[in-house]
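As a plain string of letters, each chain reads:
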Amino acid sequence: MLRLAKPSDIWFKPASSVVVATAIPNLTLLALGRLDLVMYTMAGSFCALYAHNLPYAARARALAGVVAGMLASVGIAMVTASLTSSPAVLVAVGALLAAAQKTLCDATRTGPPGHLIFTFISSATLFAPQHLGQVPGHLALTLAAGAVAWLVGMAPALLRPHGPERRATARALHAAAAYAEAAGPGRSAGPGRSAVPGRSAGPGRSAVPGRSAGPGSSAGPARERARAAAAAAIHAAWQSLLVTGAPTRPRRALELLVIQAEEALAAPSAADPARLRSWATGLRGTGAVPHPDHVQPEAEAELHGPEAELAAAESAKSPLWRRLAPGSPLLPIALRTAIGCALAGYASLALGIGRPYWALVTAASLYQANVTLTWNRGVQRVVGNLIGVLAFAAIVPVAHLGHAALIVCCLALAFGAEALITRNYWLGSVCVTPMALLVTEFVRFQEPGGLILDRIVDTLVGALLGVVAAIVVTNRRAADHIELAIDATDRARAHAERTLAAPSPTPGALRQDRRRLTAALVELRMADDAAAGEWWQRALPRQRVLVAEQAGHRTLAAASSAVRGTGSGAESVGAGRP
């Protein structure tokens with residue numbers, strides 16, 4: 001829960017981006033003597049934290065969507081704050097906004113930092129008194145800062161236009177090499193084991209790691225973890241490549257390298273980890289993309305028609321309204337968020353705390369896919385915030401030297417938060433907490449003791465009531481979602497097997513079936529993982545999940561073999577069916 005992980009390989013990108021995107025408007029306001037407007041520019045500046053894993057064509061759209069979402073959030077908050085000063089109404093609106101932001105970020109798979117930045121900014125804006133006539137000007141400041149954040153996020157494209165795709169491909173090669181070493185000689189992952197889902201789920205989905213080879217498997221935990229990591233990395237690489245837009249020579253070369261990683265995942269005993277790592281190392285910088293020696297013709301053939309695969313993936317994606325329809329697994333999380341944030345905000349008001357939005361934001365930060373993960377995040381949040389207020393006590397004398405020093409402290413803390421949060425959430429919170437406290441100082445310097453006490457109380461109240469709401473609002477329909485996911489997986493597998501049994505199945509049909517089956521397996525794994533961390537529900541159909549996954553992975557392996565022209569597809573599907 002509190003153990004530190006390895007930092008992200010691109011931690012410096014959001015960290016440096018948010019510093020640059022924040023420094024430009026903050027220094028401008030300092031020169032104009034209007035640091036009281038920092039809250040509104042910060043709303044736009046923090047958009048620079050998003051979309052750093054995406055290729056630039058997709059990043060441009062994602063960042064524009066983030067800026068639009070931030071404008072909508074702060075716009076609602078500003079209008080509400082200008083129409084009422086009732087704390088009870090403000091807390092209610094903040095709780096509803098938090099629930100809506102959480103649900104939409106999850107439904108659109110916005111990626112880290114998710115809804116939390118939206119909730120932090122909009123909740124603070126709700127409790128900033130203003131007049132209705134000031135709203136357009138304040139929104140203009142947010143939009144201007146958001147435009148700066150968009151430019152900062154897109155700027156690296158001028159120097160390294162294929163950087164995100166190259167990094168994703170390098171991760172896939174490194175992960176495949178690690179799996180080949182973990183598997184050891186003579187331990188190939190053949191058709192009876194796990195599939196190579198790699199590239200078939202389409203943009204915006206997650207990998208299907210092929211968790212288990214079934215009862216009696218000799219694969220050790222380390223090998224299983226390495227295989228899961230390799231599958232996830234390969235899938236992420238295909239996601240990155242398939243959203244880059246028009247095909248280019250560098251993209252084709254990168255696709256060929258990802259296919260080599262897929263082959264290593266399918267047959268680790270035949271892979272050369274040193275060669276895989278050499279290719280990954282060659283992707284650093286802006287030099288030519290390495291070209292594998294002795295590429296098999298079927299690997300070259302795999303490059304044909306990726307645009308058709310992308311079109312199929314886009315058409316297969318469920319519309320947003322369906323992901324939010326009654327019965328969606330996102331709705332219980334939304335209800336937990338609304339109730340938990342409201343309880344935390346009202347409890348803070350009852351205790352006489354001057355900033356109830358701190359308790360509201362603490363509760364909003366907890367909610368994950370299930371109760372178990374929510375409890376873990378609650379512990380991380382409390383530990384990080386308590387250490388963070390001690391850091392604030394040490395930093396505030398420096399910040400009070402002047403407004404320039406205050407800006408420098410906030411920028412340093414923003415950088416530190418992004419540098420540390422990928423290692424563990426609590427470690428990032430150690431920097432986020434003093435930064436949030438210092439933001440309140442831009443209007444006027446305040447007595448540190450009162451801020452520290454308020455923050456501690458709001459943290460404990462928000463975490464306690466947030467977890468209580470997660471426990472009270474049960475998700476007893478989680479088992480129903482597993483049943484639906486099993487049925488969808490069985491249908492997709494049956495369709496794929498009918499295609500494989502045809503006399504001459506076309507690669508296009510096999511790819512579409514492979515994509516459909518992989519997507520079904522993704523949803524099945526997500527449903528099972530989410531239900532596993534819930535409480536107060538009927539027994540989960542674990543055996544049916546295991547059987548469906550095993551059969552699905554075998555069919556995926558057969559489909560991948562058939563696409564590559566091995567001619568072994570139909571035999572392997574029929575051989576090991578449960």
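Residues numbered from 1 in each chain as written. Predicted model: local features only at pLDDT ≥ 70, side-chain atom pairs only at ≥ 80, totals over all residues. Heavy atoms only, no water.

Draft legend 1. View of the overall build of the chain. A count of helical and extended segments in the chain gives 23 helices and zero strands. Looking at the chain alone, contacts between residues at least 24 apart form 82% of all its contacts between residues at least 6 apart. Taken as a whole, the chain presents about 23,500 Å² of accessible surface, with 66% of it coming from carbon and sulfur. (Helix = DSSP H or I, 4+ residues; strand = E, 2+ residues; numbered from the N terminus. Contact = heavy atoms within 4.5 Å. Areas by Shrake-Rupley, 256 points an atom, 1.4 Å probe, with all protein chains shown as cover.)

Draft legend 2. Layout of the pattern of salt bridges. Per the stated rule, a full pass over the model turns up eleven salt bridges. Here R171 makes a salt bridge to D9, at a shortest N to O gap of 2.7 Å. Placement of R171 in helix α7 (residues 163-183) and of D9 in the segment before α1 (12-32) is noted, with a sequence separation of 162 residues between them. Taking the shortest distance from any N to any O, the salt bridge between D487 and R544 comes out at 3.7 Å. Of this pair, D487 sits in helix α20 (residues 478-501) while R544 is found in helix α22 (residues 542-563), placing the two residues 57 residues apart along the sequence. A relative accessible area of 34% places D487 in the partly exposed class. A single network of salt bridges, built from pairs that share partners, joins R251, R252 and E255. (Salt bridge = Lys/Arg side-chain N within 4 Å of Asp/Glu carboxyl O. Buried < 20%, exposed > 50% of the residue type's maximum accessible area, 1.4 Å probe, protein only.)

Draft legend 3. Structural context of the packing of helix α3 (residues 56-83) against helix α4 (residues 87-108). At a minimum axis separation of 11 Å, α3 and α4 run at an interaxial angle of 170°. As judged from the angle between their axes, α3 and α4 are roughly antiparallel. Here S73, I76, T80 and A81 of α3 come into contact with α4, specifically with L90, V93, L97 and Q101. Of the residues belonging to the contact of α3 with α4, the class tally is five nonpolar, three polar and no charged. (Axes fitted to C-alpha atoms, helices over the stretch in contact; angles between N-to-C directions. Parallel < 35°, antiparallel > 145°, perpendicular 65-115°, else oblique. Nonpolar A, V, L, I, M, F, W, Y, C, P; charged D, E, K, R; others polar.)

Draft legend 4. Region of the structure containing the nonpolar core. Counting 58 residues, the largest nonpolar core has F46, Y50, M70, I121 and L438 as its most contacted members. Per-element tally for this core: the top contributor is helix α17 (residues 403-420), with eight residues. Residues within four places of M70 in sequence aside, it is in contact with A43, C47, I117, F118, I121 and T142. With 32 residues, the next largest nonpolar core counts A176, L254, L283 and V289 among its residues. (Core = buried A, V, L, I, M, F, W, Y, C linked by side-chain atoms within 4.5 Å.)

Draft legend 5. How the structure looks around the state of the cysteines. Scanning all chains against the criterion turns up zero disulfides. Here C409 is not disulfide-linked; the sulfur of C410 is the nearest cysteine sulfur, at 7.0 Å. Among the residues examined, C409 registers a relative accessible area of 10% and is labelled buried. (Disulfide = S-S within 2.5 Å.)

Draft legend 6. The arrangement of the packing of aromatic side chains in detail. One pass over the full model with this rule turns up five aromatic pairs. Each ring, one from F127 and one from Y357, has its centre 5.8 Å from the other, and the planes form 35°; the classification is tilted. Taken as a pair, F127 in the loop between α5 (116-126) and α6 (135-154) and Y357 in helix α15 (residues 356-366) lie far apart in primary sequence, 230 residues in all. Between Y357 and W358, the ring centres sit 6.0 Å apart and the planes meet at 70°, which makes this aromatic pair edge-to-face. Three or more aromatic residues joined by ring pairs form one cluster here, namely W11, F12 and F415. The ring of Y425 carries R377 above its face, with NZ or CZ at 4.1 Å from the centroid. The positively charged end of R455 is found above the aromatic ring belonging to W358, 5.2 Å away from the centroid. (Phe/Tyr/Trp six-rings, centres within 6.5 Å; stacked < 30°, edge-to-face > 60°. Lys NZ or Arg CZ within 6 Å of the ring centre and 35° of its normal.)

Draft legend 7. Layout of a nonpolar patch on the surface. On the surface, a nonpolar cluster with roughly 310 Å² of combined accessible area is contributed by M1, L2 and W375. Mapped onto the elements of the fold, L2 is located in the segment before α1. In this structure L2 comes out as partly exposed when scored by relative accessible area, which is 38%. (Patch = residues over 30% accessible without salt bridge, like charges linked within 9 Å, V, L, I, M, F, W, Y side chains within 5 Å.)

Draft legend 8. The environment of R166, seen in detail. Position of R166 among the secondary structure elements: in helix α7. When the C-alpha atoms of R166 and A280 are compared, they prove to be 8.6 Å apart, with 114 residues separating the residues in sequence. Setting aside its immediate chain neighbours within four residues, R166 contacts R160, L254, G282, L283, R284, G285, T286, G287, A288 and V289. A polar side-chain atom of R166 sits 3.5 Å from the main-chain carbonyl oxygen of G285. (Polar contact = N/O pair within 3.5 Å; in protein donor to acceptor, adjacent residues only side chain to side chain.)

Draft legend 9. Focus on unusual backbone geometry. Here P112 and P113 are connected by a cis peptide whose omega angle stands at 0°. Residue placement: P113 occurs in the loop between α4 and α5. Positive phi is not limited to glycine here, since R109 has a value of about 50°. One can find R109 in the loop between α4 and α5.

Draft legend 10. Quick look at helix α2 (residues 38-45). Burial analysis of α2 places seven of its eight residues in the buried class, the great majority of the element. As for α2, its buried residues are in contact with α1, α3, α5, α6 and α18 (425-439).

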